[in-house]
Amino acid sequence: MSRLDSFIRRMTAQRDILNHICDGVKYLDGPVIELGLGNGRTYDHLRERFPDRRIIAFDRAVGSHKSSTPQPDNLIIGEIRDTAQTFVGVDAALVHADIGTGYDEKDAVTLTWLPQLAVALLAPQGIVASGLELRHPALEQLPLPASVKPGRYFLYRRV
Ligand code: SAM
């Protein structure tokens, strides 16, 4: 599969997953956390789906389109491993983590801290959608929408 095909499938998986979890998230209080603002595309999708919800986005640098850049109080710049510590206990309804790099060795480093950070940010029963597989005893894997091939994206609920 070409990288273009792979990219298209990842984008489609993201959209389908975010749409899929909308109803579940609406029944939970708490903010939405976007780990990896990037261009701001998934941030914009979340904002459209959750217009009344605080969405806090994290990245090491601002690279988002002007129209998809959060207000300064909801944009946290720096290394997520450090900056997100301030938000531990925020009881997020949803954590969306799109910080995989496609390089196994870099992603392995991220996975030394991301699963426990996601758990610490989430409310009980909160949902995490992640491009990287998260292994943590407090995360129960949820079924993916039928359109998403297993292993392309991961969905969990905090137990
Ligand atoms: N979902 C975004 C979108 O729709 O535009 C794309 C996110 S992009 C794939 C990943 C982003 O995560 C990059 O902008 C990168 O700078 C950021 N990132 C990855 N690891 C990070 C870390 N440890 N701390 C801060 N930012 C990180």
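Residues numbered from 1 in each chain as written. Predicted model: local features only at pLDDT ≥ 70, side-chain atom pairs only at ≥ 80, totals over all residues. Heavy atoms only, no water.

### Let's talk about the overall build of the protein chain
In step 1: Of regular secondary structure, the protein chain possesses five helices and seven strands.
In step 2: For the protein chain, the sequential pattern of α-helices and β-strands runs α-β-α-β-β-α-β-α-α-β-β-β.
In step 3: Its C-alpha atoms give the protein chain a radius of gyration of 14 Å, near enough to 15 Å, the size a compact globule of 159 residues would have.
In step 4: Once the C-alpha set of the protein chain is aligned to its principal axes, its extents read approximately 40 × 35 × 30 Å.
In step 5: Burial status across the protein chain gives 47% buried among its 159 residues.
In step 6: Just so you have it, the protein chain exposes about 8600 Å², and 51% of that area is on carbon and sulfur atoms.
In step 7: Of the side chains in the protein chain, 19 bear a positive and 19 a negative charge, and the two mean positions are spaced by 3 Å. (Helix = DSSP H or I, 4+ residues; strand = E, 2+ residues; numbered from the N terminus. Rg over C-alpha atoms; globule rule 2.2 N^0.38 Å. Buried < 20%, exposed > 50% of the residue type's maximum accessible area, 1.4 Å probe, protein only. Areas by Shrake-Rupley, 256 points an atom, 1.4 Å probe, with all protein chains shown as cover. Lys, Arg positive; Asp, Glu negative; His and termini not counted. Charge placed at Lys NZ, Arg CZ, Asp CG, Glu CD.)

### So, the site of the ligand
In step 1: If you check the shell around the ligand, you find 15 residues, and the closest are Asn39, Thr42, Asp59, Ile80 and Asp98.
In step 2: The separation between a nitrogen atom of the ligand and a polar main-chain atom of Ile80 is 3.0 Å.
In step 3: Starting from 600 Å² of accessible surface for the ligand in isolation, the protein chains cover 82%.
In step 4: With respect to the pocket detection grid, the ligand is positioned in the largest pocket.
In step 5: Here the residues of the shell around the ligand are counted per class, giving four nonpolar, six polar and five charged. (Near = heavy atom within 4 Å. Polar contact = N/O pair within 3.5 Å; in protein donor to acceptor, adjacent residues only side chain to side chain. 1 Å grid on protein atoms, 1.4 Å probe; cavity = no way out; pocket = protein on both sides within 12 Å on 5 of 7 lines; lining within 4 Å. Sits in = over half its atoms within 2 Å of the grid points. Nonpolar A, V, L, I, M, F, W, Y, C, P; charged D, E, K, R; others polar.)

### Here's the deal with the pattern of salt bridges
In step 1: This structure, assessed with the given rule, holds six salt bridges.
In step 2: For Asp44, the salt bridge identified is with Arg47, shortest N-O distance 2.6 Å. Of the two residues, Asp44 and Arg47 are both situated in helix H2 (residues 41-49); the distance of three residues between them amounts to about one turn of the helix.
In step 3: Given the relative accessible area of 30%, Asp44 is considered partly exposed.
In step 4: Residue Arg47 is classed as partly exposed on the basis of its relative accessible area, which comes to 29%.
In step 5: Linking Glu133 and Arg135 is a salt bridge whose minimum nitrogen-to-oxygen distance equals 3.4 Å.
In step 6: Given a relative accessible area of 34%, Glu133 falls into the partly exposed group. (Salt bridge = Lys/Arg side-chain N within 4 Å of Asp/Glu carboxyl O.)

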